[in-house]
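For reference, the chains in residue letters:
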Amino acid sequence: MKCGILPLLLFVIATASAMISLVDLFKKEWEGFKLTHNKIYKSVAEEMRRMEIYALNKYKIVQHNELFDQEQVTFKLKVNKYSDMEHEEFSNIMNGLIYHADDNSTSHGSRVTRAATNLPDHVDWRIKGAVTAVKDQGSCGSCWAFSTTGALEGQVYIKHNRLISLSEQNLLDCAGKYGCHGCQGGWMNSAFSFIKDNGGIDTEDSYPYQAKNDQCRYNAKNSGATNNGYQTIPNDEDKLKEAVANIGPMAVAIDAGHAFQHYADGVYYEKDCSSSKLNHGVLIVGYGTDTNGGDYWLVKNSWSKGWGKDGYIKMARNRNNNCGIASAASYPTVV
């Protein structure tokens with residue numbers, strides 16, 4: 001054997017061994033992902049497809065987080081239970097908002113107690129007790145229902161000092177005549193109108209969530225809250241800040257495309273976000289300023305505590321209405 005061949009052969013063997021080790025590590029990681037998130041696939045072919053999607057998502061996450069480490073972006077990403085789903089597939093299932101762009105005929109009126117120039121720098125309605133635990137909409141486009149109940153839960157607490165978890169399933173099953181279609185999407189303001197006309201919404205305990213459409217089973221005896229209408233906030237982040245500080249948590253519509261699926265921490269700013277093509281309903285529960293990421297809105301999502309920062313996301317504030325955060329804000333009026 002010529003002396004130049006041996007080093008080459010050793011290099012090939014070492015490279016092959018390293019590749020085998022990487023494959024083994026990935027397989028181990030994949031098995032851990034399935035176990036952690038209780039993933040069971042219908043066939044070997046389906047699992048192979050999901051594994052390929054997972055690998056691509058993981059690659060994108062690693063690339064993005066390298067940019068975060070270099071301080072080129074202000075938020076981190078992470079693997080979560082949605083990491084075996086393609087972005088379009090995920091959006092079609094999870095972002096069930098039917099956006100009514102013209103539904104801004106009212107304003108938040110005169111419930112302001114402090115001037116806009118004298119607002120606190122930081123607000124967190126969780127600390128004040130007005131926010132229930134993070135919920136999980138499952139594989140159902142019911143974000144609109146969770147945004148609705150979150151806003152009403154907050155107003156009931158602020159008005160009556162009672163924090164009651166309300167039933168999203170009640171909305172899925174019963175608000176069809178108001179343009180809401182269960183897991184196929186809905187609109188928060190339409191849901192507020194339904195609750196008003198219905199005379200209430202049942203509690204979560206009496207009407208638990210199923211993550212699927214079912215028959216309406218509303219029982220007035222189990223009603224946990226009602227409202228006498230709703231108010232919308234002008235498309236203005238200063239007005240929205242005023243409303244969050246003085247009135248409480250706000251139901252809002254956002255563009256939850258792009259990297260939103262895998263958000264982990266930091267202030268989420270997405271330059272390609274739309275302020276008009278909104279597809280997801282969430283709940284603003286506060287605002288503040290992050291040392292590294294700047295001003296933010298504190299937003300409660302409905303994708304479980306395993307998503308984001310314990311179920312929450314900090315979304316960029318005062319950055320030209322990024323992701324449409326101020327485009328369609330509203331709250332129910334409670335007496």
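Residues numbered from 1 in each chain as written. Predicted model: local features only at pLDDT ≥ 70, side-chain atom pairs only at ≥ 80, totals over all residues. Heavy atoms only, no water.

Draft legend 1. Spatial organisation of the pattern of salt bridges. This model, assessed by the stated rule, comprises 19 salt bridges. Between Glu-86 and Arg-49 there is a salt bridge, and its shortest N-O distance comes to 3.7 Å. Placement of Glu-86 in the loop between strand S1 (75–77) and helix H3 (87–94) and of Arg-49 in helix H2 (residues 44–69) is noted, with a sequence separation of 37 residues between them. The partner of Asp-272 in a salt bridge is Lys-271, and the shortest N-O contact between them spans 3.4 Å. (Salt bridge = Lys/Arg side-chain N within 4 Å of Asp/Glu carboxyl O. Helix = DSSP H or I, 4+ residues; strand = E, 2+ residues; numbered from the N terminus.)

Draft legend 2. Main features of the layout of surface pockets. Size it by volume and the largest pocket reaches roughly 390 Å³. Lining of the largest pocket is provided by 16 residues; of these, Lys-39, Lys-81, Asp-84, Met-85 and Ser-139 occupy positions nearest its centre. A breakdown of the residues in the lining of the largest pocket according to their chemical character gives 5 nonpolar, 4 polar and 7 charged. Of the volumes computed, that of the second largest pocket is approximately 330 Å³. In terms of lining, the second largest pocket is formed by 13 residues, of which the most central are Asn-57, Lys-60, His-87, His-258 and His-262. A per-element tally of the lining of the second largest pocket places H2 first, with 6 residues. Here the residues of the lining of the second largest pocket sort into 5 nonpolar, 6 polar and 2 charged. (1 Å grid on protein atoms, 1.4 Å probe; cavity = no way out; pocket = protein on both sides within 12 Å on 5 of 7 lines; lining within 4 Å. Points joined across faces, edges and corners; volume = space filled by probe spheres on them. Nonpolar A, V, L, I, M, F, W, Y, C, P; charged D, E, K, R; others polar.)

Draft legend 3. How the structure looks around the packing of helix H4 (residues 143–160) against helix H6 (residues 188–198). Interhelical geometry of H4 versus H6 gives an angle of 60 degrees and a closest axis separation of 9 Å. Between H4 and H6, the angle falls in the class oblique. The way H4 lies across H6 gives a crossing that is right-handed. When H4 is examined against H6, the residues Trp-144, Ser-147, Thr-148, Ala-151 and Leu-152 are found in contact with a partner set consisting of Met-188, Ala-191, Phe-192 and Ile-195. Per-class residue counts for the contact of H4 with H6 are 7 nonpolar, 2 polar and no charged. (Axes fitted to C-alpha atoms, helices over the stretch in contact; angles between N-to-C directions. Parallel < 35°, antiparallel > 145°, perpendicular 65-115°, else oblique. Left-handed = near helix turned anticlockwise from the far one by under 90°. Contact = heavy atoms within 4.5 Å.)

Draft legend 4. Structural context of helix H7 (residues 237–246). The buried count for H7 comes to 8 of 10 residues, which makes it a mostly enclosed element. Taken together, the buried positions of H7 are Glu-237, Leu-240, Lys-241, Glu-242, Ala-243, Val-244, Ala-245 and Asn-246. Two or three places before Asp-238, at the opening of H7, Asp-236 has a side-chain oxygen 2.7 Å from that residue's backbone nitrogen. Backbone geometry just downstream of H7 places Gly-248 in the positive-phi region, at approximately 135 degrees. (Buried < 20%, exposed > 50% of the residue type's maximum accessible area, 1.4 Å probe, protein only. Polar contact = N/O pair within 3.5 Å; in protein donor to acceptor, adjacent residues only side chain to side chain.)

Draft legend 5. Local environment of the side chain of Ser-167. Structurally, Ser-167 is set in the loop between H4 and helix H5 (168–174). Judged by relative accessible area, which is 0%, Ser-167 ranks as buried. At a separation of 2.7 Å, a polar atom in the side chain of Ser-167 contacts the main-chain carbonyl oxygen of Tyr-207. Residues within four places of Ser-167 in sequence aside, it is in contact with Thr-149, Ile-201, Asp-202, Thr-203, Glu-204 and Tyr-207.

Draft legend 6. Region of interest: the environment of Ala-101. Summarising the element assignment, Ala-101 is placed in the loop between H3 and strand S2 (123–124). Separated by 227 residues in the primary sequence, Ala-101 and Ala-328 place their C-alpha atoms 7.5 Å from one another.

Draft legend 7. Looking closely at the state of the cysteines. Counted under the stated rule, the structure contains 3 disulfides. In this model Cys-174 forms its disulfide with Cys-216; the gap between the sulfur atoms is 2.0 Å. The sign of the S-S torsion, about 100 degrees, decides the handedness of the disulfide formed by Cys-174 and Cys-216: right-handed. A residue pair is termed long-range when its members are at least 10 positions apart, and Cys-174 in helix H5 and Cys-216 in the loop between strand S3 (201–202) and strand S4 (223–225) qualify at 42 residues. Here Cys-273 engages in a disulfide with Cys-323; their sulfurs sit 2.0 Å apart. Here Cys-273 and Cys-323 share a disulfide; its torsion about the S-S bond, 85 degrees, makes the bridge right-handed. (Disulfide = S-S within 2.5 Å.)

Draft legend 8. Structural detail: the confidence of the model for the protein chain. Overall, the prediction assigns the protein chain a mean pLDDT of 91, with 90% of residues at 70 or greater. The low-confidence segment residues 105–114, where pLDDT is below 50, has 26 contacts with residues more than four positions distant or belonging to other chains. (pLDDT = per-residue confidence, 0-100.)

Draft legend 9. Geometry of the environment of Cys-273. Within the secondary structure, Cys-273 sits in the loop between strand S7 (263–268) and strand S8 (280–290). According to the relative accessible area criterion, Cys-273 is buried, its value standing at 14%. Each C-alpha atom of the pair Cys-273 and Ile-254 lies 9.1 Å from the other, and the pair is 19 residues apart in sequence. With residues up to four places along the chain from it excluded, the contact list for Cys-273 reads Asp-255, His-258, Asn-322 and Cys-323.

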